[in-house]
Amino acid sequence: MLNVAQWAVLATALPGLLGAAPAPAALPDTPPAVCPQPAGDCGFAVTPGRAYTITSAYQASSTVRAVAYTYSAATGWRRWFTGTPYGPSVSWAPLATTTPAVPAGTERLGVDLPGATAVGEVAVAAAAPAQRRQAYRPALGRGTGLVTNGFAYHNPRNKRAVRSAVWHVTTGSLFATRGSGDTGKIDDGAPGPRSSVNTGSSVFRMHSVRHDFTDVKVSFRLNIAYQTSTSYTPKSSYDGVHIWLRHRTQYELYAASVARRDGKVLIKKKCPGGPVNGGTYYTLGAEIPGMPIVRDKWRPMAATVQNNPGGSVTIVLYVDGKATVSAVDTGIGCAPIRAAAPIGIRGDNTRFRFTDVTVSGL
């Protein structure tokens, strides 16, 4: 969260450092360069050791990233931090990026948005210190075999139902294999409830029993065995693995796609009402191509979701430990999803294993 101390400057007041313009018509076609020495009043005064959140609005025909520069009298201006990518936007789009802790000796912070054709007001505000909270590590239970499945979810009183205290699987099956979760060998793909302890499904939907997660980071290690298609679930570009954030219902949620058949990673939001199982998906932020699925290798995946003071929500997706894409939801399609809700994992036409699932507070 941001504190009340916030600095905002106008582009016309900054001789070289990107800031805000009084109106979109007055914005330059390209962002100006970083301020030359001496720093003077250019940029934003900062405190070493603190992290800062950069916010702005932009228009662009290509990908945009916030770039932060540090200044000290001893070293002058130095490029320091590059934020996660935001996609092209003809209309004004929001941007929010939080930096690491500012290095020792830094006096001021400069900001540039390369790739933007127009930039609105730029603000830099100190991020609240991270609160230490006990991480939640949902278990799979002991042993090897079926943990739970769609049959148990839809038939909770049936004597054959195998239920889990921590996971709901609404479609498909969750198995434990040598300490990791396993979606099982894919059969014909029909998504109906199953009682079988031997097969999974091409459609896998799992969310936590706990439903009190708000500002959190969801992380796990992922190992993809193979992808396939069935007569019921033909090959699709989005086939792969996705992290669910704020899964209020199957109609209202955020989804961070960490591995897709088409090699893209991206963030989506589902709103109630529409053609996709009673809802409509909206892409938030950029779609990052060139990240193909890697088989038979354990890789760290994560996503964060956090409420912003102004009512928006920021989502960041991490692949192999690196922030890859982020987005700010200001109400696209429906109101930002700000209430506490379960987290989860989704799979399509993909058999995969996962382990070390951790939900930690931000």
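Look up: the structure comes first, before these words.
Residues numbered from 1 in each chain as written. Predicted model: local features only at pLDDT ≥ 70, side-chain atom pairs only at ≥ 80, totals over all residues. Heavy atoms only, no water.

Engineer: Any details on the sheet that holds strand β5 (residues 76-82)? Residues and values, ideally.
Structural biologist: Taken together, 4 strands build an open sheet; the order of strands is β2-β7-β4-β5 and the sheet is antiparallel. Each having just a single partner strand, β2 (44-45) and β5 make up the two edges of the open sheet. With 5 bridges joining them, strand β4 (residues 67-72) and strand β7 (residues 108-112) adopt antiparallel strand pairing. Note on β7: the bridge partner recorded for A68 is V111. (Pairing = 2+ DSSP bridges. Helix = DSSP H or I, 4+ residues; strand = E, 2+ residues; numbered from the N terminus.)

Engineer: How would you sum up the side chain of K270? Please name residues and give values.
Structural biologist: As for its position among the elements, K270 is in strand β18 (residues 265-276). Despite its burial, K270 pairs with no opposite charge, the nearest such side chain being D348 at 10 Å. One polar contact links the side chain of K270 to the main-chain carbonyl oxygen of Q250, over a distance of 2.9 Å. A polar side-chain atom of K270 sits 3.1 Å from the main-chain carbonyl oxygen of V276. (Buried < 20%, exposed > 50% of the residue type's maximum accessible area, 1.4 Å probe, protein only. Lys, Arg positive; Asp, Glu negative; His and termini not counted. Salt bridge = Lys/Arg side-chain N within 4 Å of Asp/Glu carboxyl O. Polar contact = N/O pair within 3.5 Å; in protein donor to acceptor, adjacent residues only side chain to side chain.)

Engineer: Give a detailed account of the state of the cysteines, specifying residues and quantitative values.
Structural biologist: Two cysteines joined by a covalent bond between their sulfur atoms form a disulfide. Taken as a whole and judged by the stated rule, the model has 1 disulfide. Here C271 engages in a disulfide with C334; their sulfurs sit 2.2 Å apart. Disulfide C271 to C334: torsion about the S-S bond roughly -75°, handedness left-handed. Of this pair, C271 sits in strand β18 while C334 is found in the loop between β22 (322-329) and β23 (344-348), placing the two residues 63 residues apart along the sequence. (Disulfide = S-S within 2.5 Å.)

Engineer: With reference to specific residues and values, describe the sheet that holds strand β15 (residues 216-227).
Structural biologist: As summarised here, the arrangement of the 8 strands in space is β10-β12-β13-β24-β15-β20-β21-β22, forming an open sheet in which the pairing is antiparallel. The open sheet has two edge strands, β10 (145-149) and β22, and neither has a second partner. Neighbour-to-neighbour, the strand axes of the sheet open up by a mean angle of 25°, direction not taken into account. (Axes fitted to C-alpha atoms, helices over the stretch in contact; angles between N-to-C directions.)

Engineer: Outline the pairing of β5, supporting the account with residue identities and numerical values.
Structural biologist: Judged from the 6 bridges that link them, β4 and β5 form a sheet pairing that is antiparallel. In the sheet register, S72 faces β5, and the bridge partner there is G76. The turn linking β4 back onto β5 is made up of 3 residues.

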